[in-house]
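Spelled out, the chains give:
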Amino acid sequence: MNATISVVSWKYKPLSNGECPLFFQISQKGRRKYQSMGISVDPSFWDFKEKRLKPDCPNGEYLQKIILDKITSQLPVERWYDIIGEKTVADAIMDRIV
């Protein structure tokens with residue numbers, strides 16, 4: 001059961017305050033599922049190509065902590081390797097997300 005998880009920002013549907021919402025993108029066997037994280041970020045501080053915060057984001061460390069907390073609450077760390085299937089891939093995904 002190999003799955004990939006990434007954090008994406010939807011720039012095509014910004015909120016009324018101009019920020020873009022963040023979503024989990026969970027891909028498995030060619031299917032994608034999106035789940036809202038309940039947070040948003042100014043599009044000028046999000047790298048859409050790399051799917052992560054830019055280094056110059058003023059509250060970047062705080063947002064990274066929230067993203068990591070949301071990921072681990074959705075996917076418990078103790079089951080991370082079991083669900084992803086391969087230890088190296090699981091570590092790479094976690095490194096990419098945070």
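Since this is a predicted model, take the numbers as computed values, not measurements.

## Quick notes on the overall build of the protein
Thought 1: If you tally the helices and strands in the protein, you get three helices and five strands.
Thought 2: Listing every helix and strand of the protein by position from the N terminus yields β-β-β-β-β-α-α-α.
Thought 3: For the protein, restricting intrachain contacts to residue pairs at least 6 apart in sequence, the fraction spanning at least 24 positions comes to 42%.
Thought 4: Of the roughly 6600 Å² of accessible surface on the protein, 52% is carried by carbon and sulfur atoms.

## Some thoughts on the pattern of salt bridges
Thought 1: Counting across every chain of the model gives two salt bridges.
Thought 2: Where R52 meets E50, a salt bridge forms, and the shortest distance between an N and an O atom there is 3.5 Å.
Thought 3: The exposure class of R52 is partly exposed, given its relative accessible area of 38%.
Thought 4: Here E50 falls in the partly exposed class, since its relative accessible area comes to 30%.
Thought 5: D69 is paired through a salt bridge with K65; the nearest N and O atoms lie 3.1 Å apart. Of the two residues, D69 and K65 are both situated in helix α1 (residues 60-74); the distance of four residues between them amounts to about one turn of the helix.

## What about the sheet that holds strand β3 (residues 31-41)?
Thought 1: A sheet is described by the order of its strands in space; here three strands give the open sequence β1-β2-β3, paired in antiparallel fashion. Edge positions in the sheet fall to β1 (4-9) and β3, since each of these pairs with one other strand and no more. Strand-to-strand twist across the sheet, computed as the mean angle between neighbouring axes with direction ignored, equals 25°.
Thought 2: Examined bridge by bridge, strand β2 (residues 20-28) and β3 share eight bridges and lie antiparallel to one another. Within the sheet, the bridge partner assigned to I26 lies in β3 and is K33.

## Here's the deal with the nonpolar core
Thought 1: Within the largest apolar cluster, 14 residues are counted, with the highest numbers of intra-cluster contacts made by V7, L22, M37 and I67.
Thought 2: Elements with a contribution of two residues or more to this core: β1, β2, β3 and α1.
Thought 3: Those residues in contact with L22, other than ones at most four positions away along the chain, are V7, V8, S9, S36, M37, G38, I39, S40, V41, W46 and I67.

## Observations concerning unusual backbone geometry
Thought 1: The phi torsion at K51 lies on the positive side, around 60°, for a residue other than glycine.
Thought 2: Counting through the fold element by element, K51 comes out in the loop between β4 (46-47) and β5 (52-53).
Thought 3: Here K51 falls in the partly exposed class, since its relative accessible area comes to 30%.

## Section: the side chain of S40
Thought 1: Turning to its location among the elements, S40 is positioned in strand β3.
Thought 2: A polar contact is formed between the side chain of S40 and the side chain of E19, at a distance of 2.6 Å.
Thought 3: Discounting residues that sit within four places of it in the chain, S40 has contacts with L15, E19, C20, P21 and L22.

Each value, and the rule that gives it
Residues numbered from 1 in each chain as written. Predicted model: local features only at pLDDT ≥ 70, side-chain atom pairs only at ≥ 80, totals over all residues. Heavy atoms only, no water. Helix = DSSP H or I, 4+ residues; strand = E, 2+ residues; numbered from the N terminus. Contact = heavy atoms within 4.5 Å. Areas by Shrake-Rupley, 256 points an atom, 1.4 Å probe, with all protein chains shown as cover. Salt bridge = Lys/Arg side-chain N within 4 Å of Asp/Glu carboxyl O. Buried < 20%, exposed > 50% of the residue type's maximum accessible area, 1.4 Å probe, protein only. Pairing = 2+ DSSP bridges. Axes fitted to C-alpha atoms, helices over the stretch in contact; angles between N-to-C directions. Core = buried A, V, L, I, M, F, W, Y, C linked by side-chain atoms within 4.5 Å. Polar contact = N/O pair within 3.5 Å; in protein donor to acceptor, adjacent residues only side chain to side chain.

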